[in-house]
Amino acid sequence: MDSEIQLRVDGRRKRLRVDTRMTLLDALRDGIGATAPKTGCDHGQCGSCTVLLDGRRVITCLTFAVAHDGADITTAEGLADGEWLHPMQRAFIERDAFQCGFCTPGQVCSALGMLAEVEAGHPSVATDDLTGPVELTDEEIRERMSGNLCRCGAYVNIVDAVRDGAR
Amino acid sequence: MIPFDYRLAPDVDGAVAAATGWGGVAFLAGGTNLVDHMKLGVAAPEVLVDISRLPLDAVEELPDGGLRIGATVRNSDLAAHPAVRRDYPVLARALLSGASGQVRNLATTGGNLLQRTRCAYFQDLSTPCNKREPGTGCSAIGGYTRQHAILGASAHCVATHPSDMAVAMAALDAQVTVLGTSGRRVIPLVELHRLPGDEPHRDTVLSPSDLITAVELPPLPEGTRSLYRKVRDRASYAFALVSVAAVLRVEDGVVRDVRIALGGVAHKPWRARRAEDVLRGSPVDGSPADEEVFRRAAEAELAGAAPLAGNGFKVPLARNTVVSALRGLSREER
Ligand SMILES: Cc1cc2nc3c(=O)[nH]c(=O)nc-3n(C[C@H](O)[C@H](O)[C@H](O)COP(=O)(O)OP(=O)(O)OC[C@H]3O[C@@H](n4cnc5c(N)ncnc54)[C@H](O)[C@@H]3O)c2cc1C
Ligand code: SF4
Ligand code: FES
Ligand code: FES
């Protein structure tokens, strides 16, 4: 069964026909050609498919495209202003926070979604006082970024990059 | 994945109507469990009723001080809600210890309750499994059982329920509101999930067209403390081997109210009534002497444990986690 949906992806309006079985990730990559989000595990376990959906970080491999008609999506590609990279992307480069780079688009989107959560005062399980202000310690970064795996094991530098990018 | 008919639920009643009369129907909320199962072939609904846009996404503070949580409230929004952080820390911490930030932003209250076991054989179509295909046998018995049950299992299934949130809600005496073809009903959360018995394919008492609309939490009396302890194979982003949700109110050095639920040990969030009975009325003063009654309570609960070949460690682990949770509460740790 096909269905017509409309998405705004990295600022551009897209109309597309999707099979109802198509995940949002496949619609982005194969339907629109937005290949920044990566197909890693395809089962919600690695975070490489993370994008910002209406401003919030989500995985895209376990959700059907047809359920997101009208959504506004930002992929890692849409964070840059032409050749001018987003400060979080620059921090990943400056800190050598990747080797192969496969997990990086998901890491960067996740980091920005995470910072918005911190900004809003949302605690994590690493936060001592659930009702107090949140301080972005390295322990907080590690806990809040635990949904993004890196097969190259660049974790130490990813924590550095996220800390820098948060400034 | 077999093709399916996708229907966006127009409203709450329309969702139930759209799901009625079909054998292979499922509600689609965040999709983080259902879509996974559809990809694996574990679930193959012919009709999907999308409930993710229904106006069930509010958390309301009730006049009596309790809380009503809509079925489509995202796990992340629930954990961040000021009333949950202030009054129900056990629930906030249970939610925040589950999955990852980008999964919790999709996952909903209803979907979290009805997520299915993470038993590896259940997810693997090539192995027999009574839960997935009734009558084929249980591959876990005699197989890999590290994640499996020590309480309330049967000869037909030894799976555990994987939710953290549901364990906290069990300790909070939550009530689940369900809308079905014959109207609305309220089910205590501890009676929502079933023990496997000889029908392990039935996780809960619900039928396929029953829609969870809300979960209500009664208020906690002044001076009540609560916490959630989760033990897992890595520090973050893993399901519980054992978890403990505990609610405690000590007055004048005596336990007035105590509610304990265990996760990772049974086919449902396991309310530890035997342990509660030992504790209620016992003197507790925050000193090392409390340890004795905490241990007796945990041991009373676990006396009926029947560990499998690969999970004997869960018995002392559950005992120690109960003791440590109670110690934390009686000493105002987190
Ligand atoms: C990598 C990963 C790690 C995870 N780790 C954890 C963890 O550590 N702890 C934990 O607790 N969970 C964990 N989860 C599970 C996650 O919490 C669940 O997948 C999620 O809560 C399910 O919610 P959903 O809205 O996405 O449900 P869906 O997938 O949409 O639905 C799940 C089931 O519930 C039914 N359903 C949904 N809403 C309703 C309703 N209102 N009424 C009736 N039926 C309904 C659906 O038909 C389906 O059968 C993890 C998931 C992933 C992918
Ligand atoms: S424990 Fe239950 S879910 Fe796992 S294989 Fe046995 S019957 Fe299936
Ligand atoms: S590809 Fe989506 S989480 Fe791994
Ligand atoms: S840089 Fe290779 S997976 Fe992270």
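Look up: the structure comes first, before these words.
Everything quoted here is computed from the prediction, not taken from an experiment.

**Student:** Sorry if this is basic, but what is going on with the interface of chain B and chain A here?
**Tutor:** For interface size, the figure often reported is the accessible area lost on association. Taken residue by residue, the interface counts 39 residues in chain B and 40 residues in chain A. Roughly 3300 Å² is buried in total at the junction of chain B and chain A, and carbon and sulfur atoms are behind 54% of that figure. Seen at the junction of chain B and chain A, the total is two salt bridges. Two residues, aspartate 42 of chain A and lysine 39 of chain B, come together in a salt bridge whose shortest N-O distance is 3.0 Å. Run the count over chain B and chain A and you get 24 residue pairs in polar contact (both at pLDDT 80 or more).

**Student:** Looking at this structure, I do not really get the site of ligand 1. What am I missing?
**Tutor:** Around ligand 1 sit 33 residues in total, of which Phe27, Thr32, Leu34, Thr108 and Asp164 of chain B are the nearest. What surrounds ligand 1 is not a single chain but chains A and B. The contact in question runs from an oxygen atom of ligand 1 to an N or O atom on the side chain of threonine 108 of chain B, over 2.6 Å. Burial of ligand 1 by the surrounding chains reaches 95%, relative to a free accessible area of 980 Å².

**Student:** Sorry if this is basic, but what is going on with the pairing of strand E7 (residues 183–188) of chain B here?
**Tutor:** Regular strands place side chains that alternate from one sheet face to the opposite one. Residue and element names in this part refer to chain B. Summarising the sheet, strand E6 (residues 175–180) and E7 pair through six bridges and their orientation is antiparallel. Looking at E7, one finds that leucine 179 is bridged to arginine 184. Hairpin geometry of E6 and E7 is characterised by an intervening segment of two residues between the two adjacent antiparallel strands.

**Student:** I tried to follow the packing of helix H3 (residues 87–94) of chain A against helix H6 (residues 155–165) of chain A on my own but got confused; where do I start?
**Tutor:** Packed helix pairs are characterised by how far apart their axes lie and by the angle those axes make with each other. All names here are of chain A. The N-to-C vectors of H3 and H6 enclose an angle of 145 degrees; their axes lie 8 Å apart at closest approach. When the axes of H3 and H6 are compared, the crossing they make is right-handed. Along its contact with H3, which presents Met88, Ala91 and Phe92, the element H6 presents Ile158, Ala161, Val162, Asp164 and Gly165. By residue class, the composition of the contact of H3 with H6 is six nonpolar, one polar and one charged.

**Student:** Where do I start with the site of ligand 2 in this structure?
**Tutor:** In the region of ligand 2, 14 residues are neighbours, and Cys119, Cys129, Cys138, Cys157 and Val158 of chain B sit closest. Of the residues assigned to the shell around ligand 2, the class counts are nine nonpolar, four polar and one charged.

**Student:** I keep staring at the nonpolar core and nothing clicks. Help me out?
**Tutor:** Within soluble globular proteins, side chains that are nonpolar generally end up buried alongside one another. Val49, Ile51, Leu78, Leu91, Leu113, Met169 and Leu217 of chain B are the most contacted members of the largest nonpolar core, which totals 59 residues. Looking at this core element by element, the count peaks at seven residues for helix H8 (residues 165–171) of chain B. Membership of the second largest hydrophobic core comes to 36 residues, among which are Ile5, Leu7, Val58 and Cys61 of chain A.

**Student:** When you look at the sheet that holds strand E3 (residues 47–50) of chain B in this model, what are you seeing that I'm missing?
**Tutor:** In any sheet, the strands associate via hydrogen bonds between backbone groups, in a parallel or an antiparallel arrangement. Residue and element names in this part refer to chain B. Taking strand neighbours across the sheet as the criterion, the three strands line up as E1-E3-E2 in an open arrangement whose pairing is parallel. Sheet topology places strand E1 (5–8) and strand E2 (25–28) at the edges, where each strand pairs with a single neighbour. Neighbouring strand axes in the sheet, compared pairwise and without regard to direction, differ in orientation by 25 degrees on average. Sheet topology places E2 next to E3; four bridges connect them, and they run parallel. Following the sheet pairing, leucine 28 is matched in E3 by aspartate 50.

**Student:** Sorry, what's going on with the pattern of salt bridges here?
**Tutor:** Opposite charge on two side chains permits pairing when their charged atoms draw close. Residues and elements named next belong to chain B. Enumeration over the complete set of coordinates arrives at 38 salt bridges over all chains. Ionic pairing is found between lysine 131 and aspartate 203, a salt bridge with its closest N-O pair at 2.7 Å. With lysine 131 in the loop between helix H7 (109–113) and H8 and aspartate 203 in the loop between E7 and strand E8 (211–217), this residue pair connects regions lying 72 residues apart in the sequence. Per residue, the accessibility class of lysine 131 equals that of aspartate 203, and both read buried. The partner of aspartate 210 in a salt bridge is arginine 185, and the shortest N-O contact between them spans 2.9 Å. With aspartate 210 in the loop between E7 and E8 and arginine 185 in strand E7, this residue pair connects regions lying 25 residues apart in the sequence. Overlapping salt bridges, with partners in common, bring together Asp173, Asp257, Arg259, Arg271, Glu276, Asp277 and Arg280 in one network.

**Student:** Can you help me understand the sheet that holds strand E4 (residues 56–58) of chain A in this one?
**Tutor:** Residues and elements named next belong to chain A. Across the sheet, which stays open at both edges, the five strands sit in the order E2-E1-E5-E3-E4 with mixed pairing between neighbours. Both edges of this open sheet fall to strand E2 (12–19) and E4, since each of them pairs with a single strand only. Averaged over all pairs of adjacent strands, the angle between their axes in this sheet comes to 40 degrees, without regard to strand direction. Where strand E1 (residues 2–9) meets E2, eight bridges bridge the pair, whose relative direction is antiparallel. Bridge pairing in E2 links leucine 7 to lysine 14. Of the strands in this sheet, strand E3 (51–53), E4 and strand E5 (72–74) touch helix H4 (residues 104–119), which is tilted by about 135 degrees from E4.

Rules of the game
- Every chain is numbered on its own, with residues counted from 1 as its sequence reads.
- All chains are assigned letters beginning with A, and all ligands numbers beginning with 1, in the order in which they are written.
- It should be noted that, the model being predicted, local features are given only for residues of pLDDT at least 70 and side-chain atom pairs only at 80 or more, the latter also being counted only at that level, while totals for whole chains, interfaces and linings use all residues.
- Values reported for side chains reflect all heavy atoms of the structure, with hydrogen atoms and water molecules removed beforehand.
- In what follows, a contact means two residues having at least one pair of non-hydrogen atoms within 4.5 Å.
- By convention, the term buried area covers the 1.4 Å-probe accessible surface removed from two parts as they join, with the contributions of both added.
- Salt bridges are identified by distance alone: a Lys or Arg side-chain nitrogen within 4 Å of an Asp or Glu carboxyl oxygen.
- Polar contact is defined as a pair of N or O atoms within 3.5 Å, subject to the rule that within protein one atom must be able to donate a hydrogen and the other to accept it, and that residues adjacent in sequence are counted only when both atoms are side-chain atoms.
- Being near a molecule or strand, for a residue, comes down to having at least one heavy atom within 4 Å of it.
- Note on areas: Shrake-Rupley with a 1.4 Å probe; residue coverage comes only from the protein chains shown.
- Strand pairing follows a simple DSSP-based rule, namely that at least 2 bridges must link the two strands.
- A run of H or I in DSSP counts as a helix once it spans at least four residues, and a run of E counts as a strand once it spans at least two, with each numbered from the N terminus.
- To define axes, lines are fitted to C-alpha atoms, for helices over the stretch in contact only, and angles between the resulting N-to-C directions are given on a 0 to 180 degree scale.
- In this scheme the handedness of a crossing depends on how the near helix is turned from the far one: anticlockwise by less than a right angle means left-handed, clockwise means right-handed.
- Think of it as three bins: nonpolar holds Ala, Val, Leu, Ile, Met, Phe, Trp, Tyr, Cys and Pro, charged holds Asp, Glu, Lys and Arg, and polar takes everything else, Gly as well.
- What makes a nonpolar core is a set of buried Ala, Val, Leu, Ile, Met, Phe, Trp, Tyr and Cys residues whose side-chain atoms join them at distances within 4.5 Å.
- To sort residues, take the accessible area from a 1.4 Å probe on protein chains only and compare it with the maximum for the residue type: under 20% means buried, over 50% means exposed, and anything in between is partly exposed.

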